[in-house]
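Coordinate inspection notes
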Amino acid sequence: MTSTSGPTPASDVPTTFRLFIAGAWVDGVAGETFESLNPADRRDVIGRFQAGSAADTAMAIKAAETAFPSWRATPAPKRGEIMYRFAELMGRHKERLARAMTREMGKVIAEARGDVQEGIDIAYLMAGEGRRMFGDTVPSELPDKWAMSIRQPIGVAGIITPWNFPMAIPCWKMMPALVTGNTVVFKPSSDTPHCATLLVELMAEAGFPPGTVNLVTGSGEAVGNTIVDSPDVPVISFTGSSATGKSIAERAGRRLKRVSLELGGKNGVVVLRDADLELATDGILWSAFGTTGQRCTACSRVIVERAVADDLVKRLADRAKTLKLGYGLDAGVDVGPLINPGAVEKVGRYVEIGRGEGELVIGGTAAGDAALAHGNFFSPTIFSGIKPMDRIGQEEIFGPVLSVIPVDDFDAAITALNQTRYGLSASIFTRDVNTAFRAMRDFEAGIVYVNAGTTGAETHLPFGGWKETGNGHREAGHAAIETYTEWKSIYVDFSGRLQRAQIDNQ
Ligand code: UN1
């Protein structure tokens, strides 16, 4: 195995990792591989990974189908026990997993530990779900008759995940899928195949039977599309861009598949004149520049009452200046790199757009420091004087770019907050309880925070957004179970005679 403690010298021969199909680690049939690089230092090759093909994916689907009948028949509490063991293993390996994550996708080590912890949390939650998975038992309208509903698994679940939460999000999806008795084909982002491999290694060690979890690394075209188009994968869960999500929904819609989508965001923080501005500054910086702005929940808009706008912008800029960019395993680093050079280019393009729309207060450049020259760094960037419908106030940038939008009053703030095609998370800083409740009622978002930033959702409440952030499904919490189960309503008549519902009970 390669080192996970820091960049490996370029001369090291990287390890080649494999696919996991039917309980065995195997090479892809085409024998092609791709590299995963450290975004903080692209000379550091983490490993080579199989560029899985349609044929590999078909084998993984077959393996998952074959494993389904006995996994479905395994009592849910027993499935939960395996999941519990997986959670324990993740806890034991937390530091190793977190360091590997920082190396592969860049988030600073404290946040990488949080990502692993989020995976552990959902694994424990779903392990317990094995003993709940509630249905309804209701009185029948007829005598000597029972009426109840149960949940049943759907079949093979296609799990297509992003790189920004490379352990938490796969766990959010795979744990509810598996505890409810589905089997899984897992296609991770090609930016984080190592994180995915480490997770699946631990899943195998925890005792998930062969074929219940299959890992196929490779491109969206070869692997993702094969999963989405396969008649043998009836449920798909995807987190990523709105463009890919729409295309998945269209393709899967042709086969009437169940599809759960978690897509873009343009999350706003409202700051009112009565707010604790120091607290608001803390919350905004954490949610705008944490994970280098690469969270679906990241704050990229601050909507502030004009009376305190200048004060807030100054506080944000003063503090943003002190944030240290660098390799997330190095002590004192606050902000890691972007995921790849394409992301640096995209953020740069938006900064150019922003220059034409408002005032650049701080940042705006790919980091020039020689020590960072081999990484995908971009400095924390703040624009002020942005109008609600400006492009940088509307489009998802997925980087460390914050737009400050001044408005006249609270009503204008609510209008601006809701003037977006997305609706994932939103927050308000105020000391007025009446205003806070109005915001809780009127913000068009799946997650609302009061006196906190837009990030930091916990795993036992539903996670997901309104409008173009998704298609109405939710991850995490009990809600996650809905995606992966079919309802079955069951009536048992023990009267010994034919009783006709809606007829004999009049
Ligand atoms: C994401 O960015 O897709 O609420 C997930 C949060 C994290 C999850 C973010 N718990 O910021």
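Residues numbered from 1 in each chain as written. Predicted model: local features only at pLDDT ≥ 70, side-chain atom pairs only at ≥ 80, totals over all residues. Heavy atoms only, no water.

A large share of strand 7 (residues 156-160) lies buried, amounting to 5 of its 5 residues. Every second residue of strand 7 is oriented toward a common face, with Val156, Gly158 and Ile160 on one face and Ala157 and Ile159 on the other, all of them buried. The parallel pair strand 7 and strand 8 (residues 183-187) is bridged by helix 5 (residues 168-179), and the resulting crossover is right-handed. (Buried < 20%, exposed > 50% of the residue type's maximum accessible area, 1.4 Å probe, protein only. Helix = DSSP H or I, 4+ residues; strand = E, 2+ residues; numbered from the N terminus. Right-handed = clockwise from strand over helix to strand, strands pointing away.)

Strand order in the open sheet made by the 3 strands is 5-6-21, with antiparallel pairing throughout. Of all strands in the sheet, those with a lone pairing partner are strand 5 (137-139) and strand 21 (485-493), marking the two edges. Each neighbouring strand pair of the sheet contributes to a mean axis angle of 20 degrees, computed without reference to strand direction. (Pairing = 2+ DSSP bridges. Axes fitted to C-alpha atoms, helices over the stretch in contact; angles between N-to-C directions.)

The strand order across the open sheet formed by 7 strands is 14-15-16-13-12-18-19, and the pairing between neighbours is mixed. In the strand order of this sheet, the two ends are held by strand 14 (359-362) and strand 19 (447-450), each with one partner. Averaged over all pairs of adjacent strands, the angle between strand axes in this sheet comes to 20 degrees, irrespective of strand direction. Pairing of strand 14 with strand 15 (residues 381-384) involves 3 bridges; the strand directions are antiparallel. Along strand 15, the bridge assignment pairs Leu360 with Phe383. In the packing of helix 13 (residues 410-418) onto the sheet, contacts are made with strand 12 (267-271), strand 13 (299-305), strand 16 (401-407) and strand 18 (425-429), and the angle to strand 13 comes to roughly 160 degrees. (Contact = heavy atoms within 4.5 Å.)

We now examine a nonpolar patch on the surface. Taken together, the side chains of Val433, Phe437, Met440 and Val450 present a nonpolar region at the surface, about 360 Å² in accessible area. Here the element with the most residues in the nonpolar patch is helix 14 (residues 433-442); it accounts for 3 residues. Among the secondary structure elements, Phe437 is positioned in helix 14. (Patch = residues over 30% accessible without salt bridge, like charges linked within 9 Å, V, L, I, M, F, W, Y side chains within 5 Å. Areas by Shrake-Rupley, 256 points an atom, 1.4 Å probe, with all protein chains shown as cover. Salt bridge = Lys/Arg side-chain N within 4 Å of Asp/Glu carboxyl O.)

What follows concerns helix 8 (residues 242-253). For helix 8, which comprises 12 residues, the first-to-last C-alpha distance of 16 Å matches the rise-based estimate of 16 Å (1.5 Å per residue) to within 8%. Within the sequence span of helix 8, burial applies to Ser242, Gly245, Ile248 and Ala252. Summarising the axial view, the buried residues of helix 8 lie within an arc of 120 degrees, below the 170-degree limit, and thus occupy one face. Along helix 8, the residues that are exposed and aim more than 90 degrees away from the buried face are Ala243 and Glu250. (Expected span 1.5 Å × (residues − 1). Arc of directions from axis to C-beta.)

This part is about the confidence of the model for the protein. Confidence along the protein averages 96 in pLDDT terms, with 97% of residues attaining 70 or more. This model gives residues 1-9 a pLDDT under 50, and the stretch forms 29 contacts once residues within four places in sequence are excluded. (pLDDT = per-residue confidence, 0-100.)

Inspection of every chain in the model, using the stated rule, returns 9 aromatic pairs. Summarising the aromatic geometry, the rings of Phe17 and Phe49 are spaced 4.8 Å apart at their centres and angled 5 degrees between planes, so their arrangement reads as stacked. Of this pair, Phe17 sits in the segment before strand 1 (19-21) while Phe49 sits in strand 4 (residues 41-50); the two residues are 32 residues apart in sequence, bridging distant segments of the chain. Note on accessibility: Phe17 and Phe49 belong to one class, buried. (Phe/Tyr/Trp six-rings, centres within 6.5 Å; stacked < 30°, edge-to-face > 60°.)

A word on the nonpolar core. Within the largest apolar cluster, 121 residues are counted, with the highest numbers of intra-cluster contacts made by Phe86, Met174, Met175 and Val271. Shared between two domains, this core holds at least three residues of each, these being domain 1 (20-263 + 470-488) and domain 2 (267-450). In this structure Val271 touches Leu277, Ala280, Ile284, Val302, Ile303, Val304, Glu305, Leu312 and Phe429, once residues within four positions along its chain are discounted. Ala60, Ala64, Ile160 and Leu263 belong to the second largest nonpolar core, which has 21 residues in total. (Core = buried A, V, L, I, M, F, W, Y, C linked by side-chain atoms within 4.5 Å. Domains from an automatic or database assignment.)

Overall, the coordinates contain 34 salt bridges when judged by the stated rule. With a closest N to O distance of 2.8 Å, Arg438 and Asp411 form a salt bridge. Of this pair, Arg438 sits in helix 14 while Asp411 sits in helix 13; the two residues are 27 residues apart in sequence, bridging distant segments of the chain. Judged by its relative accessible area of 47%, Asp411 is partly exposed. Residue Arg421 is joined to Glu468 by a salt bridge in which the shortest nitrogen-to-oxygen separation is 2.8 Å. One end of the pair, Arg421, is in the loop between helix 13 and strand 17 (422-423); the other, Glu468, is in the loop between strand 20 (466-467) and helix 15 (479-483), and 47 residues separate them in sequence. Accessibility expressed as a relative area gives 39% for Arg421, which makes it partly exposed.

Now for the site of the ligand. Around the ligand, 13 residues are found, and the nearest of them are Glu118, Arg295, Cys296, Thr297 and Ala457. One nitrogen or oxygen atom from the main chain of Cys296 is found 2.7 Å from an oxygen atom belonging to the ligand. For the ligand, an oxygen atom lies 3.0 Å from a polar atom in the backbone of Gly456. For the ligand, whose accessible area on its own is 320 Å², the fraction buried by protein is 99%. Looking at which domains feed residues into the shell around the ligand, each of domain 1 (20-263 + 470-488) and domain 2 (267-450) gives three or more. (Near = heavy atom within 4 Å. Polar contact = N/O pair within 3.5 Å; in protein donor to acceptor, adjacent residues only side chain to side chain.)

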